[in-house]
Each structure stands twice: as C-alpha cells, then as structure tokens.
Amino acid sequence: MAAGYRPEQIDEVYLTHLHADHVGGIAPHGKVAFPNAIVRVSQNDLDYWLDPKSEDQAAAFLKPMFEGDRASLKPYLDSGRVRPFQPGAELSPGIRAIPTFGHTPGHTSYEVTSGPHRLLVWGDLVHVAPIQFPDPAVTVTYDSDPLAAEARRMAEFSDAARTDTWIAAAHIAFPGLGHVRATDGRFEWIPANYTTVLRP
C-alpha cells in the first residue's frame, strides 16, 4: 500500500521458501491477501512441506511450520492459484528462479535483470550478517542441509563480489539492499545509501 499498489493489483507472488516468516503474509488468519495473484514456489519445497511423511520425520521445532504452510497455501491451492516451478525456470521476462537449496530443500533466489542491470533476491542465504559475511561456514538450526547451505552461501557471496551484483536479502538490516565486497579472503556487506523521507 505504501508503494501505491493495492493487493488486488498483484498478479504473481514469488516465494523463496516455505518457512512461516516467508509464506505467512500471503494469507493472514487464513484470508487471502492477494485475491488475484498466482503464488509461485519451488516444486521441491512444495513437495517437502506439504508431505505428511516429512512432517513426521522433522524435528519438533519445525513441526509448526508444516501446519502454518498448509494454512497459508490452502486458499490459493483451493482456487488453483499455486503454480510450482522447477529450478532455473524463467518465471516472467527478466525473472529467473535460481536454485539455492540448503536452507530448505527447494530454497530459491530470484535473478531479476533489465538490460545490463542485475538484482539477486536471496531469501534466506544469510540470517546473521555480522557473523556469516566474515564466516560463511556458520549455519543455523533451521537449515535443512547445513553443508549445502554453507556451500551455496560461499558460492553466492563469491559471485556477488566478483560481479558487483545488487543483492536484496531478507535478514539483513534495513534497507536490505546492497553489494558484497571481498577483502583479504573475507566478505563484507555494503548497504545501499538511502534517504529517510519524513511525511507529515
């Protein structure tokens, strides 16, 4: 709303993965937030989080996630508006799904390109920036495959630093938009400059 768009104007929602803090906003309290939108999510994540066997085998702290996912996705599934994709798929002109598995079985980042410009929307490749940029080997309990998460983080940090790609990330301090710099074998997050506009 603050950006000037109404929920009914949103035609597609891209989910990086199906953890509650990334999917819960599409249907708060079971009510559809975006009445005309198609929800796009990795087939791998959808298969895992909607599978009762996965829930049975999951650690206790993850079990509420399964229930939350079902509640958030249900109104969109019921109306046929969940459209899963395979790794690497082009979802719209200039928007491609980049597989960054590890945090979840189908965790996905999104590459957005326009002419020579490139933005990578990371999702949960980083959780604790002051720790994981200097040491990408640090993982979190919520990573479904810590070794894969570590390897993917190292690869994405290296690529972002080498190409000077714009990065948008969820668990990085405001504005959550910036670049990665490599110095003496360590990585740093360089946030975008921004100006605060005070409205009356």
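Right above here is the structure, for reference.
Rules and cut-offs
- Residues numbered from 1 in each chain as written.
- Predicted model: local features only at pLDDT ≥ 70, side-chain atom pairs only at ≥ 80, totals over all residues.
- Heavy atoms only, no water.
- Helix = DSSP H or I, 4+ residues; strand = E, 2+ residues; numbered from the N terminus.
- Buried < 20%, exposed > 50% of the residue type's maximum accessible area, 1.4 Å probe, protein only.
- Pairing = 2+ DSSP bridges.
- Axes fitted to C-alpha atoms, helices over the stretch in contact; angles between N-to-C directions.
- Contact = heavy atoms within 4.5 Å.
- Salt bridge = Lys/Arg side-chain N within 4 Å of Asp/Glu carboxyl O.

1. Section: unusual backbone geometry
Thinking step 1. Omega for the peptide link from Phe174 to Pro175 comes to 15 degrees, which places this bond in the cis form.
Thinking step 2. Examined against the element boundaries, Pro175 turns out to sit in the loop between β8 (166–168) and β9 (177–183).
Thinking step 3. One non-glycine residue, His29, adopts positive backbone phi at about 55 degrees.
Thinking step 4. Judged by its relative accessible area of 81%, His29 is exposed.
Thinking step 5. Look at Asp164: it is not a glycine, yet its phi comes out positive at around 55 degrees.
Thinking step 6. Within the secondary structure, Asp164 is located in the loop between α6 (146–163) and β8.

2. Topic: the sheet that holds strand β6 (residues 108–114)
Thinking step 1. Taken in spatial order, the seven strands of this open sheet run β4-β5-β6-β7-β8-β9-β10, and their pairing is mixed. Each edge of the open sheet carries a strand with a single partner, namely β4 (90–92) and β10 (186–191). Taking the axes of each pair of neighbouring strands and ignoring which way they run, one obtains an average angle of 35 degrees across the sheet.
Thinking step 2. Pairing geometry for β9 and β10, over six bridges, is antiparallel. Each bridged residue has a counterpart across the sheet, and for His179 the counterpart in β10 is Ile190.
Thinking step 3. On top of the sheet, α6 reaches β5 (95–99), β7 (117–121), β8, β9 and β10; it is set at about 95 degrees to β9, its chief contact.

3. Some words on the pattern of salt bridges
Thinking step 1. Within this structure, the stated rule accounts for 10 salt bridges.
Thinking step 2. In this structure, Arg6 engages Glu8 in a salt bridge whose closest nitrogen and oxygen atoms are separated by 3.1 Å.
Thinking step 3. Classification of Glu8 by relative accessible area gives partly exposed; the value is 37%.
Thinking step 4. The shortest N-O distance in the salt bridge between Asp159 and Arg162 comes to 2.7 Å. Here the residue Asp159 and the residue Arg162 both occupy positions in helix α6, the gap between them amounting to three residues, near one helical turn.
Thinking step 5. Owing to a relative accessible area of 19%, Asp159 belongs among the buried residues under this scheme.
Thinking step 6. Looking at Arg162, the relative accessible area reads 64%, which means it is exposed.
Thinking step 7. Salt bridges sharing partners connect three or more residues here, namely Arg96, Glu111, Arg118, Asp159 and Arg162.

4. A short note on the sheet that holds strand β2 (residues 38–42)
Thinking step 1. Ordered by their spatial adjacency, three strands build an open sheet running β1-β2-β3, and the pairing between neighbours is parallel. Where the open sheet ends on each side, the last strands, each with one partner, are β1 (12–14) and β3 (82–85). Between one strand axis and the next, the sheet turns by 25 degrees as a mean value, whatever way the strands run.
Thinking step 2. Here four bridges tie β2 to β3, and the two strands are oriented parallel to one another. For Val39, the partnering residue across the bridge sits in β3 and is Val82.

These results come straight from atomic positions and should not be treated as a statement about function.
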